[in-house]
Amino acid sequence: MINTKKPWLAAVGAFLMLFAVGLTSGGLSVFYLPVTEDLGFSQTSFSMYISIIALTGIVSFPLSGSLTSKYNRHIRWFVRAGAVGCLLCFFLYSRAKSLALFYAASVLMGFFVSTYANVIATSIVNNWFYSRRALIVSVIYTGTSLGRIFFVQLGSSIILNLGWRAAYVILGGIDCLI
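Residues numbered from 1 in each chain as written. Predicted model: local features only at pLDDT ≥ 70, side-chain atom pairs only at ≥ 80, totals over all residues. Heavy atoms only, no water.

A.B. asks: Go over the environment of Phe-41, please, and point to the residues and values.
C.D. replies: Residue placement: Phe-41 occurs in the loop between helix 2 (32-39) and helix 3 (43-70). Taking relative accessible area as the criterion, Phe-41 reaches 14% and is therefore assigned buried. In the structure, Phe-41 is positioned 132 residues away from Gly-173 in sequence and 26 Å away in space, judged by C-alpha atoms. Those residues in contact with Phe-41, other than ones at most four positions away along the chain, are Val-35, Thr-36, Phe-46, Lys-97, Ser-98, Leu-99 and Phe-102. (Helix = DSSP H or I, 4+ residues; strand = E, 2+ residues; numbered from the N terminus. Buried < 20%, exposed > 50% of the residue type's maximum accessible area, 1.4 Å probe, protein only. Contact = heavy atoms within 4.5 Å.)

Following this line, the structure appears as structure tokens:
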């Protein structure tokens with residue numbers, strides 16, 4: 001392992017990126033009931049938007065990995081573009097009145113999450129750590145689970161107090177800032 005503080009800062013940054021992924025991987029479930037009641041969608045149809053995020057991620061992870069390898073020196077731009085893109089998707093969710101818009105925004109969300117999260121976090125660890133890689137990767141990936149716990153609680157509270165549309169915008173802003 002390199003004997004400086006920078007690798008640990010990189011690991012903290014990777015952890016925070018994966019913490020934000022907890023919002024898209026589990027925190028969005030708090031929107032099922034309020035959105036379906038407000039817009040009259042079935043929960044089955046609405047819940048497809050999370051599956052679409054996952055399916056798009058499956059397709060775009062290899063592309064993201066390839067781009068990360070090729071343009072490793074510009075990794076910060078991938079992270080920034082992905083975070084801003086996710087913010088745009090949350091804004092689209094907050095304005096959506098049709099399933100089609102939820103689904104379209106989810107395709108974009110799956111792509112943007114892949115550009116700033118899992119592949120990048122693993123790449124950061126691989127670039128900075130030479131020993132204990134497996135330990136560091138497993139520790140940073142706990143960020144996703146902790147993010148799910150945090151965002152489910154926070155999202156529920158915001159929805160109860162401000163409504164689901166405001167909750168999408170606020171959670172999107174938090175996701176982008178992290």
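Continuing now.
A.B. asks: Break down the packing of aromatic side chains for me, citing the residues and quoting the values.
C.D. replies: How two aromatic rings sit relative to each other is set out by the distance from centre to centre and by the angle between their planes. On inspection of all chains with the given rule, the structure shows 21 aromatic pairs. Between Tyr-49 and Phe-102, the aromatic rings sit 5.7 Å apart at their centres with planes inclined by 75 degrees, giving edge-to-face as the arrangement. One end of the pair, Tyr-49, is in helix 3; the other, Phe-102, is in helix 5 (residues 99-116), and 53 residues separate them in sequence. No difference in accessibility class separates Tyr-49 from Phe-102, as the two residues are buried. Ring-pair connections join several aromatic residues into one group, and the members of that group are Phe-31, Tyr-32, Phe-41, Phe-46, Tyr-49, Phe-90, Tyr-93, Phe-102, Trp-164 and Tyr-168. For Arg-80, the ring lying beneath its charged end belongs to Trp-77, and the centroid distance is 5.0 Å. (Phe/Tyr/Trp six-rings, centres within 6.5 Å; stacked < 30°, edge-to-face > 60°. Lys NZ or Arg CZ within 6 Å of the ring centre and 35° of its normal.)

A.B. asks: Can you break down the nonpolar core residue by residue, with the values?
C.D. replies: Leu-28, Phe-31, Tyr-49, Tyr-93, Phe-102 and Tyr-168 are the most contacted members of the largest nonpolar core, which has 46 residues in total. Listing elements by their share of this core, those giving two or more residues are helix 1 (6-25), helix 3, helix 4 (75-95), helix 5, helix 6 (118-128), helix 7 (133-162) and helix 8 (164-177). In terms of residues, this core owes the most to one element, helix 1, which gives nine residues. (Core = buried A, V, L, I, M, F, W, Y, C linked by side-chain atoms within 4.5 Å.)

A.B. asks: Explain helix 2 to me, using residue names and the numbers behind them.
C.D. replies: Within the sequence span of helix 2, burial applies to Pro-34, Val-35 and Thr-36. The inward-facing, buried residues of helix 2 contact helix 3, helix 5, helix 7 and helix 8. Looking one or two residues past helix 2, Gly-40 carries a phi angle of roughly 80 degrees, positive in sign.

A.B. asks: With reference to specific residues and values, describe a nonpolar patch on the surface.
C.D. replies: Residues Val-12, Leu-16 and Ile-178 make up a contiguous nonpolar surface patch of roughly 220 Å² in combined accessible area. On the secondary structure map, Leu-16 appears in helix 1. (Patch = residues over 30% accessible without salt bridge, like charges linked within 9 Å, V, L, I, M, F, W, Y side chains within 5 Å. Areas by Shrake-Rupley, 256 points an atom, 1.4 Å probe, with all protein chains shown as cover. Salt bridge = Lys/Arg side-chain N within 4 Å of Asp/Glu carboxyl O.)

A.B. asks: Tell me about the packing of helix 1 against helix 6, and name the residues and values.
C.D. replies: Relative to each other, helix 1 and helix 6 sit at 165 degrees, their axes nearing to 9 Å. For the element pair helix 1 / helix 6, the angle class is roughly antiparallel. Considering only the axes of helix 1 and helix 6, their crossing is left-handed. Contacts between helix 1 and helix 6 pair Lys-6, Pro-7, Ala-10, Ala-14, Met-17, Leu-18 and Val-21 from the former with Asn-118, Ile-120, Ala-121, Ile-124 and Trp-128 from the latter. Classifying every residue of the contact of helix 1 with helix 6 gives ten nonpolar, one polar and one charged. (Axes fitted to C-alpha atoms, helices over the stretch in contact; angles between N-to-C directions. Parallel < 35°, antiparallel > 145°, perpendicular 65-115°, else oblique. Left-handed = near helix turned anticlockwise from the far one by under 90°. Nonpolar A, V, L, I, M, F, W, Y, C, P; charged D, E, K, R; others polar.)

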